[in-house]
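# Residue-level structural notes
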Amino acid sequence: MDIVLIGYGKVGKLVFNELKKRNLDSKITCIKSRKEKIEITDQTKLIIDCTASKKIAKEYNAWILAGKIIVTANKYPITQLSYNYIRECIVNSKLYINATVCTSLPLFETIDQWHKNGEKIKEIKAVVSSSLASISIEMAKGKSFDDAVVLSIKKGLTEPDYKRDLLGSDVITKAIILGRYLEINSHEATLYFKKISIKDLAEKLAASLKLVITIKDEKKISIGYSAISISYGAILLSNSGKEIILSNKYGGPIQAAKGVMQDIDKIKCLKTLNGN
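Description of the structure in this document. (Residues numbered from 1 in each chain as written. Predicted model: local features only at pLDDT ≥ 70, side-chain atom pairs only at ≥ 80, totals over all residues. Heavy atoms only, no water.)

### What to know about the nonpolar core
Generally speaking, nonpolar side chains in soluble globular proteins are found buried as a group. Among the nonpolar cores identified, the biggest contains 59 residues, and Leu95, Leu107, Ile111, Ile135, Phe145, Leu178 and Ile213 are the most heavily contacted of them. Excluding residues that lie within four positions of it along the chain, leucine 95 makes contacts with Tyr60, Ile70, Thr72, Ile78, Ile86, Cys89 and Ile90. In terms of nonpolar packing, the next biggest core, distinct from the first, is built from 23 residues, Phe16, Leu19, Ile28 and Ala257 among them. (Core = buried A, V, L, I, M, F, W, Y, C linked by side-chain atoms within 4.5 Å. Buried < 20%, exposed > 50% of the residue type's maximum accessible area, 1.4 Å probe, protein only. Contact = heavy atoms within 4.5 Å.)

Laid out in structure tokens, this is it:
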């Protein structure tokens, strides 16, 4: 039981299949149901969290203290643990969070690379909701808001509770994750957000506006509607004028699984599991 994969929904199945291609399936224990007991032993090297569970998020601290490595697509742990602790775990290669914001796009890697090169981030504009990206695209094709929402749910692009997407809660969660990654705390920044209504959302998307996270000078985070050239992803601008655009049509299970696998590929100790 070298690897424990928690969550066997759309993302979890895709991750398992990718690991199977690498002949690692015999090393994996899959937790497919919430009722199953999660057994983490001394032999467990890696925990892969493909859930959206607040309950599992509470176990992260104990797992990390026990020396386990965690790759996660679960956003809740990153919002519940202190940002100092999150940064420490990331720096020490104990926690990998690439899939939590912008799925497979290298947003966190780009931020790290800029910091390493001495580039100061002047602004980040991020469109992080796969479901809202899909709804916007379908409305531009002539679909009604309601039909576009239903299609987004069928594609598996929404949160388990799709209202979190429509009320902006998922976007807020990802804004908090970005803030914590950039070490923005309550003393250095304020998260501004006016509660949106579904009616207002429908009107704004119909007008080709998107719900955008904006980070200024790594100090202030805001969320609001604006026109932006990408449907999903992020635009980063440095003080020196350098610009990087990370863009995709939208995220979803396939891209989230890809983001998880990108993080798994960074873990050196896993190479010993399949004899490489």
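### Observations regarding the sheet that holds strand E1 (residues 3-6)
Taken in spatial order, the five strands line up as E2-E1-E3-E4-E5 in an open sheet, and their pairing is parallel. Looking at strand neighbours, the two that pair on one side only are strand E2 (28-31) and strand E5 (95-96), the edges of this open sheet. Pairing geometry for strand E3 (residues 46-49) and strand E4 (residues 69-72), over four bridges, is parallel. Bridged to isoleucine 47 within E4 is isoleucine 70. (Pairing = 2+ DSSP bridges. Helix = DSSP H or I, 4+ residues; strand = E, 2+ residues; numbered from the N terminus.)

### With respect to helix H1 (residues 10-21)
The end-to-end C-alpha distance of H1 is 17 Å, a good match for the 16 Å that 12 residues give at a rise of 1.5 Å each. Three or more residues of H1 are buried, namely Val11, Gly12, Val15, Phe16 and Leu19. The arc that holds the buried residues of H1, viewed along the axis, is 130°, so those residues lie on one side. Phi for asparagine 23, located one or two positions after H1, is positive at around 65°. (Expected span 1.5 Å × (residues − 1). Arc of directions from axis to C-beta.)

### Considering helix H5 (residues 83-91)
What H5 keeps buried is the set Tyr83, Tyr85, Ile86, Arg87, Cys89 and Ile90. In this structure, the buried side of H5 is in contact with helix H3 (60-65), helix H4 (76-80), E5, helix H6 (107-116) and helix H10 (169-181). Serine 93 sits one or two residues past H5 and shows a positive phi near 60°.

### Section: the packing of aromatic side chains
For the structure on display, the rule yields three aromatic pairs. Seen in terms of ring centroids, tyrosine 8 and phenylalanine 16 are 6.0 Å apart; in terms of plane orientation they differ by 75°. Their pairing is edge-to-face. A relative accessible area of 16% means that phenylalanine 16 is categorised as buried. Summarising the aromatic geometry, the rings of tyrosine 60 and tryptophan 63 are spaced 5.9 Å apart at their centres and angled 35° between planes, so their arrangement reads as tilted. Note that tyrosine 60 and tryptophan 63 are positioned in helix H3 at a spacing of three residues, about one turn of the helix. (Phe/Tyr/Trp six-rings, centres within 6.5 Å; stacked < 30°, edge-to-face > 60°.)

### Quick look at the packing of helix H7 (residues 130-140) against helix H11 (residues 198-206)
Across the interface, H7 lies against H11 with an axial gap of 9 Å and an inter-helix angle of 55°. Taken together, H7 and H11 sit at an angle that is classed as oblique. For the pair H7 and H11, the crossing hand works out as right-handed. The residues of H11 that touch H7, namely those facing Leu132, Ile135, Ser136 and Met139, are Leu201, Ala202, Leu205 and Ala206. (Axes fitted to C-alpha atoms, helices over the stretch in contact; angles between N-to-C directions. Parallel < 35°, antiparallel > 145°, perpendicular 65-115°, else oblique. Left-handed = near helix turned anticlockwise from the far one by under 90°.)

### Considering the pattern of salt bridges
Pairing between side chains becomes possible if they bear opposite charge and their charged atoms approach one another. Within this structure, the stated rule accounts for 14 salt bridges. Of the charged contacts in the structure, one is a salt bridge between aspartate 170 and lysine 75, with a shortest N-O distance of 3.6 Å. Placement of aspartate 170 in helix H10 and of lysine 75 in the loop between E4 and H4 is noted, with a sequence separation of 95 residues between them. Given the relative accessible area of 11%, lysine 75 is considered buried. Through salt bridges with shared partners, a single network forms among Lys75, Glu159, Asp170 and Lys174. (Salt bridge = Lys/Arg side-chain N within 4 Å of Asp/Glu carboxyl O.)

### Observations regarding the side chain of glutamate 159
One can find glutamate 159 in the loop between helix H8 (145-154) and helix H9 (163-166). A polar atom in the side chain of glutamate 159 sits 3.1 Å from the side chain of lysine 75. Not counting residues up to four positions away in its chain, the partners in contact with glutamate 159 are Lys75, Arg164, Asp165 and Asp170. (Polar contact = N/O pair within 3.5 Å; in protein donor to acceptor, adjacent residues only side chain to side chain.)

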